[in-house]
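# Secondary and tertiary structure notes
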Amino acid sequence: MILLAIETTCDETGAAVLEGPATPGFVVPRILSSVVSSQIGLHQPFGGVVPEIASRAHVVQIVPMIDEALKRAGVGLKDVGAVAVATRPGLVGSLVVGLTAAKALALALDVPLIAVDHLEGHLYACQLAHPDLEVYPCVGLVVSGGHTSLYSCRGPLDCELLGGTIDDAAGEAFDKVASLLGLGYPGGPEIERAAKAGNARAFAFPRSFLRDPRLAFSFSGLKTAVLYALRGPNQERGAVEPTPEMTADLAASFQEAVVDVLVAKARQALEQTGMRRLGVGGGVAANGRFREKLGAAMERMGVETFIPPLSLCTDNAAMAGVALLKLAAGQTAELDVDVAAGLVRPKPPRPS
Ligand code: KG4
Ligand code: ZN
């Protein structure tokens, strides 16, 4: 089965071609091609993703990306046996572009359409990157510009949300703090670079929910703490030029606070679920300090940790390869399927 997969949840237009059996069982699809058109340059002047600009750029890029993915895989449209697309969560205007393209192709080629959850895809990327190993059951941690969530995944299609951020996502905090410090966008790599010359203990920044058993995250207080450290509390808004030493110390102390929380919450989720494996996805997983501290903590716990290479950590269409499992399970979508902006949350318990 040749699967054409499409990703347009945020600011990357992705298309991929995968090959795999559409039958149940532990067989990981092979990625024949995966291409991404990044919109970073378009959003850079604004210091963050502008939804309207993102949707328009997807409109321009979606057909060229699909053509390129097919070309690199050495297949034609006639070979495509199913079309997969991430339909949630994400920016609605962006999601609609990918879904409309996927619907048109499924209709024209008369093949099944499969709607996938972007976050299930981020975690399935761990399996795609390690085709010979069993990644599931695992705790899943997605840390990106739009999400910071923990999942209990009994299988690739059976992920239950354990908790997530109540305000900013971790990557969003990196981007906003980078902007405060006058660093570039996206902020994560810039902060990581600046932090290398800094002292992570220079500022005692808050670590929200650190000792709280709830699997929740909050990064907005941390962002405000950086702002106050930069120019003092309740000061007029306005440009403050920190010295290079102060920028480095603020970046290092901020990064350490985020990393400490992410590692602690992953540890708690593993303890609470009793699971022995951890899968990580999202752009923040590129952070060297995070990998270092997470790796050490997981080794102490004897937990097997899966972090895909960067191309599969950040947004891409290959991770929608999880669709082949859905196809095998008969979970195809109708042509009137819609997009959804938000996460799939567990049903609240029924009142007794
Ligand atoms: O997964 P991703 O490419 O897109 C989504 O948000 O879905 O993640 C992008 C985010 C940005 O917020 C970026 O600042 C962050 O990942 N990021 C990093 C690093 N590289 C990218 N954060 C911390 N350290 C990094 N090295
Ligand atoms: Zn993502």
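Rules used throughout
- Within any chain, residue numbers begin from 1 and follow the written order of that chain's sequence.
- All chains are assigned letters beginning with A, and all ligands numbers beginning with 1, in the order in which they are written.
- pLDDT decides what is reported in this predicted model: residues at 70 or higher carry local features, side-chain atom pairs at 80 or more are listed and counted, and totals for whole chains, interfaces and linings draw on all residues regardless.
- In computing side-chain properties, one takes all heavy atoms of the structure into account and sets aside hydrogens as well as water.
- If even one non-hydrogen atom of a residue comes within 4 Å of a molecule or strand, that residue is called near it.
- Under this definition, polar contacts are N or O atom pairs within 3.5 Å; protein pairs additionally need one hydrogen-donor-capable and one acceptor-capable atom, and for neighbouring residues in sequence, both atoms have to be side-chain atoms.
- Accessible areas in this description were obtained via Shrake-Rupley with a 1.4 Å probe; residue shielding takes into account the shown protein chains only.
- Helix and strand definitions here come from DSSP, where helices need a minimum of 4 consecutive H or I residues and strands a minimum of 2 consecutive E residues; each element is numbered from the N-terminal end.
- Nonpolar residues are Ala, Val, Leu, Ile, Met, Phe, Trp, Tyr, Cys and Pro. Charged residues are Asp, Glu, Lys and Arg, and all others, Gly as well, are polar.
- By definition, two strands form a pair when at least two bridges between them are found by DSSP.
- Fitted lines through C-alpha atoms give the axes, limited to the stretch in contact for helices. The angle between two N-to-C directions lies from 0 to 180 degrees.
- Contacts are residue-level and defined by heavy atoms, with any inter-residue pair within 4.5 Å sufficient.
- Because water is not among the atoms used, a metal site may look incomplete, as its donors are only the N, O and S atoms within 2.8 Å, or 3.2 Å for Na, K and Ca.
- Sites are called tetrahedral only when four donors show all angles between 85 and 135 degrees, square planar or octahedral only when four or six donors show opposite pairs over 155 degrees and all other angles between 65 and 115, and irregular in any remaining case.
- Three labels apply to residues, based on accessible area from a 1.4 Å probe with only protein chains included: buried if under 20% of the type maximum, exposed if over 50%, partly exposed otherwise in between.
- All the domain ranges listed were derived from an automatic or database domain assignment.
- Here the quantity called buried area is the total loss of accessible area, with a 1.4 Å probe, experienced by two parts when brought into contact, counted for both.
- Each reported salt bridge corresponds to a side-chain nitrogen of Lys or Arg within 4 Å of a carboxyl oxygen of Asp or Glu.

### Some words on the site of ligand 1
Surrounding ligand 1, one finds 19 residues, the nearest of these being G145, D175, G188, E192 and G283. Within the side chain of D175, one N or O atom sits 2.7 Å away from an oxygen atom of ligand 1. With respect to ligand 1, the side chain of D315 contributes an N or O atom lying 3.0 Å from an oxygen atom. When the free accessible area of ligand 1 is taken as 550 Å², the share hidden by the protein chains comes to 89%. At the level of elements, α5 (170-180) and α6 (187-195) are the ones that each hand at least two residues to the shell around ligand 1. Of the residues assigned to the shell around ligand 1, the class counts are 5 nonpolar, 10 polar and 4 charged.

### Considerations on the sheet that holds strand β6 (residues 138-143)
Adjacent strands of a sheet pair through backbone hydrogen bonds, lying either parallel or antiparallel. Within the open sheet, the 5 strands sit side by side as β8-β7-β6-β9-β10. Their pairing is mixed. Single-partner strands in this sheet number two, and they are β8 (158-164) and β10 (304-306). Between one strand and the next, the sheet's axes are offset by a mean angle of 25 degrees, whatever the strand orientation. For strand β9 (residues 277-281) and β10, the ladder comprises 3 bridges, and the chain directions are parallel. Looking across to β10, one finds that G279 is bridged to F306. Each of β6, β7 (148-155), β8 and β9 is contacted by helix α8 (residues 244-273), which is oriented at about 155 degrees to β6, the strand it contacts most.

### Some thoughts on the side chain of H147
On the secondary structure map, H147 appears in the loop between β6 and β7. Not counting the four nearest positions on each side in its chain, H147 is found in contact with P89, H118, L119, V142, A169 and L343.

### Here we look at the coordination of the zinc ion (ligand 2)
Within the first shell, the zinc ion (ligand 2) binds the protein through H118 (NE2), H122 (NE2) and D315 (OD), at distances of 2.1 Å. The coordination sphere of the zinc ion (ligand 2) comprises 4 donor atoms, whose angles at the metal cover 84 to 136 degrees; the geometry is irregular. Sequence spacing of the donor residues for the zinc ion (ligand 2), all on one chain, is H-x3-H-x192-D. In this pair, H122 is assigned in helix α4 (residues 118-129) and D315 in the loop between α10 (310-313) and α11 (323-328), connecting sequence segments 193 residues apart. Among the residues examined, H122 registers a relative accessible area of 0% and is labelled buried.

### Regarding the domain arrangement of the chain
Per the domain assignment, the segments making up the chain are domain 1 (2-130 + 312-328) and domain 2 (138-309). Relative placement of domain 1 and domain 2: their C-alpha centres are 27 Å apart. Listed by partner, the interface residues are 24 residues for domain 1 and 23 residues for domain 2. Roughly 1,800 Å² of surface becomes buried between domain 1 and domain 2 when both sides are summed, with 76% attributable to carbon and sulfur atoms. Ranking the residues of domain 1 by area buried against domain 2 places L119, L123 and C313 at the top, with a combined share of 33%. On the surface where domain 1 and domain 2 come into contact, there are 0 salt bridges.

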